[in-house]
Each structure stands twice: as C-alpha cells, then as structure tokens.
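So the chains spell out like this:
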Amino acid sequence: MIIAFYLWRLGSWLVSIVPPPIADLFARASGASGYYMWASRRRVVRENFSRVLGKPANHPDVGRVARSSFVNMSRYMVEIMRYPRVSMEQLEARVVINETEEFRRAMATGTSVIMISAHFGNIDYASAVATKKYGRFTLAAETIHPVQLFQYLARVRAARGVDLIPYDQAPRKILEALKRKEWIGFLIDFGVNNQKDIATTEVMFFGAPTRFPASPAILAQRSGSPIVVVHTYVDPRDKRIISQIESPIYVPKSLPREQAAHETMQAVAQRMEEFIRQHPEQWYVFRAMWPQAVKGEIDAVGSGA
C-alpha cells in the first residue's frame, strides 16, 4: 500500500509542471477509464444514482451521471494534488461563499458551529477560504490507507486551517474545539457498510431508509451549537467553486436523545437531498448508501453502460 503514497506524490509533482488543460484532459480520461474498468465500484455507483434519479440502474441517464461522477472525482483528485501550490489569492479568486441571513445572525453571537456536508464538489478549496473568514475548524475523517498518505493530506489541510483527525480520536478533539468556539465538521456519506463502530439513526433519504451518523445531532444537543449543512459545487460554466451555507438547525435540549438524533439527521438528509438533486454528477458516492445496494439486487451493467 505504501506505493500509493509515492504515486500520489509523483502525481502531485506532475500536475505542478503540466499545463492545467493537459492535466484536466488526463483527469477526464482517467475517470472515464475507471468507470469502465472498475466493474464492482461501477455497480455500486449506478445503484446509488438509481435511487437518486428514481430510474432503473441500467437506465442511460443513470449511466451518464455515474460516469460523470467518476470523471469529476478524478478531476477533484488532480486539484487536491495541485492544492499545496495554489496560493490563497488564487483560491479567493475562485471560491464564492454564500450565507443565509439566519446563519449570519447565528455567527454574530460567537457560537461554535457543527458543519455537515458530503463528498461533493470541491470542499477543500472552499474550506481554505472559509477558515480565513471564520477561523480554523476540525474535520473528523476516516483514516485512508496507507497511513502515510493520510498523514500527508492532514498536513496539507492543516496548513490551510483545517485540522483533519481520525474518527477514533474525534470525540476528544471535537469537544476541545467546541469549547474554543470553533467550527467542527463531518462528512457523513460514507455508506452503510462503514458505520459499524459509530452510533447511527435511521433516516429517509431519497425515498428509502438508510442510516446516518447520530453524533452531530448529539453534540449539537449537548453543546447548544447549531448545525449548518454546507454544500460546495464546481460551476461547470466558469469553474468557480460555489459554497452555500444553509440556515442553522438547532437541537432542543428537551427532546430525548434518540428522538433528537432522528429528527435532526432527518432534517439534514432533506437538505442534502436538495443539493444533490441539483448537481448529482458532483456527488462522489462510491460506497453503497442504501441496504438494497449492498445486496446488489439490481444489475447495474446494462444498456446504459
């Protein structure tokens, strides 16, 4: 697995010397190739987008969105490889952050914030600009392998004001960040197979039950900090990165914990649905998000492949 770390570093060096249009062309070709060559992952992705689009997994529209997701993920990876060499001036020229008036009022109170998002668009570039505006924040994340690559990416993000911490270290670090009135963040779309060691709650998501982590709601109820759903997409017309910060969700302290977790994460699911429907091709959802996708009941390789 260590070879993946050195391949990443090599790729990072290459994209720093190759003209961006050439790097983007390579990313597009790599993403499309990955879609056709990685059959097992393609099947899962088509199953997921079948649910999002409300069409059979072998429908041509599902195939087009799934293929675009592979391509956009590849382009995103190239941008992350380039990330350490992108100046703050370049980031600020490309990133636009939109806020609701309700969010501005919440920030005026000096509160800490619990941010929830998905693997969507280009949240890394937006987060660098956001930390300059709002301050550092702590992001709970899965530990990718090899661990050397995780550590390297953690250093890159820390240099931009985002402290990336593994889930097994998250509770203590997150509580410390909340006490400092900082932002904390969760990317919660890591699939139904990857939640065995965390508390979850069932939500309806695109018309079917699945499970979301319960910890953001529990933390919000305990701390009094609002939850904000953030989505960041890449405008296909001019490549600007648009980050939308939604109105805060407050969790009543009077509710029983399980009820609070369910109702809060259901509200989060509804907001996530809204932005995923707008740009489904920018959702990098390569793990099964619904139990039926795990079972593989629908043949995802068909006429639209």
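So, how was this worked out
- Residues numbered from 1 in each chain as written.
- Predicted model: local features only at pLDDT ≥ 70, side-chain atom pairs only at ≥ 80, totals over all residues.
- Heavy atoms only, no water.
- Helix = DSSP H or I, 4+ residues; strand = E, 2+ residues; numbered from the N terminus.
- Expected span 1.5 Å × (residues − 1).
- Buried < 20%, exposed > 50% of the residue type's maximum accessible area, 1.4 Å probe, protein only.
- Arc of directions from axis to C-beta.
- Contact = heavy atoms within 4.5 Å.
- Pairing = 2+ DSSP bridges.
- Axes fitted to C-alpha atoms, helices over the stretch in contact; angles between N-to-C directions.
- Polar contact = N/O pair within 3.5 Å; in protein donor to acceptor, adjacent residues only side chain to side chain.
- Phe/Tyr/Trp six-rings, centres within 6.5 Å; stacked < 30°, edge-to-face > 60°.
- Lys NZ or Arg CZ within 6 Å of the ring centre and 35° of its normal.
- Salt bridge = Lys/Arg side-chain N within 4 Å of Asp/Glu carboxyl O.

## What about helix H1 (residues 2–17)?
So, point 1. Between its first and last C-alpha atoms H1 spans 24 Å; for 16 residues at 1.5 Å apiece the expected length is 22 Å, and the two agree.
So, point 2. Those residues of H1 not exposed but buried are Phe5, Trp8, Gly11, Ser12 and Val15. What you see down the axis of H1 is that its buried residues fit within an arc of 125 degrees, all on one side. What points out from H1, more than 90 degrees from its buried face, is the exposed set Ile3, Tyr6 and Leu7.
So, point 3. Check the buried side of H1 and you find it contacts helix H4 (60–82) and helix H8 (147–158).

## Overview of the sheet that holds strand S5 (residues 183–187)
So, point 1. Pairing in this open sheet of 7 strands is mixed, and the strands run S1-S9-S8-S2-S5-S3-S4 from one edge to the other. Strands with a single pairing partner mark the edges of an open sheet, and in this sheet they are strand S1 (95–99) and strand S4 (162–166). Sheet twist, expressed as the mean angle between neighbouring strand axes with direction ignored, is 25 degrees.
So, point 2. The sheet contact formed by strand S3 (residues 137–141) and S5 spans 4 bridges and is parallel. Bridge pairing links threonine 138 to isoleucine 184 in S5.
So, point 3. Packed onto the sheet, helix H10 (residues 215–223) meets strand S2 (113–117), S5 and strand S8 (227–234) and runs at close to 165 degrees relative to S2.

## Some thoughts on the side chain of asparagine 122
So, point 1. One can find asparagine 122 in the loop between S2 and helix H7 (123–134).
So, point 2. Asparagine 122 gets classed as buried once you look at its relative accessible area, which sits at 1%.
So, point 3. A distance of 2.8 Å separates a polar atom in the side chain of asparagine 122 from a polar atom in the side chain of glutamate 79.
So, point 4. There is a polar contact of 3.1 Å between the side chain of asparagine 122 and the backbone nitrogen of tyrosine 125.
So, point 5. Non-local contacts of asparagine 122, meaning those with residues more than four positions away in its chain, are made with Tyr76, Glu79, Thr232, Val234 and Ile241.

## As for the pairing of strand S6 (residues 200–205)
Each regular strand carries side chains that alternate between the two faces of the sheet.
So, point 1. The alternating pattern of S6 places Thr201, Val203 and Phe205 on a buried face, while none of Thr200, Glu202 and Met204, on the opposite face, is buried.
So, point 2. Summarising the sheet, S6 and strand S7 (residues 208–213) pair through 6 bridges and their orientation is antiparallel. By the bridge assignment, methionine 204 is partnered in S7 with proline 209.
So, point 3. In this structure, the hairpin formed by S6 and S7 is closed by a connection of 2 residues, where phenylalanine 206 is found at a positive phi of approximately 55 degrees.

## Considering the packing of aromatic side chains
So, point 1. This model, assessed by the stated rule, comprises 19 aromatic pairs.
So, point 2. Ring geometry for phenylalanine 103 against tyrosine 134: centres 5.8 Å apart, planes inclined by 90 degrees, an arrangement best described as edge-to-face. One end of the pair, phenylalanine 103, is in helix H6 (residues 101–108); the other, tyrosine 134, is in helix H7, and 31 residues separate them in sequence. Accessibility classification places phenylalanine 103 together with tyrosine 134 in one group, the buried group.
So, point 3. Both rings, one in phenylalanine 137 and one in tryptophan 183, keep their centres 6.3 Å apart while their planes meet at 40 degrees; by these two values the pair is tilted. Taken together, the residues span a long stretch of sequence, with phenylalanine 137 in strand S3 and tryptophan 183 in strand S5 at a distance of 46 residues.
So, point 4. Through successive ring pairs, a cluster of aromatic residues spans Phe49, Phe205, Phe206, Phe212, Trp283 and Trp290.
So, point 5. Over the ring of tyrosine 35 we find arginine 42, and its NZ or CZ is 5.7 Å from the ring centre.
So, point 6. Above the ring of tyrosine 83, the side-chain terminus of arginine 160 is found at 4.9 Å from the ring centroid.

## Considering the pattern of salt bridges
So, point 1. The full count for this structure, using the stated rule, is 15 salt bridges.
So, point 2. The partner of glutamate 79 in a salt bridge is arginine 94, and the shortest N-O contact between them spans 2.7 Å. Placement of the pair is glutamate 79 in helix H4 and arginine 94 in helix H5 (residues 88–94), with a sequence separation of 15 residues.

## A few points about the side chain of threonine 210
So, point 1. Position of threonine 210 among the secondary structure elements: in strand S7.
So, point 2. Engagement of the side chain of threonine 210 in a polar contact is seen with the backbone oxygen of methionine 289, the distance being 2.4 Å.
So, point 3. With sequence-adjacent residues up to four places away left out, threonine 210 is seen in contact with Val192, Thr201, Glu202, Val203, Phe205, Met289 and Trp290.

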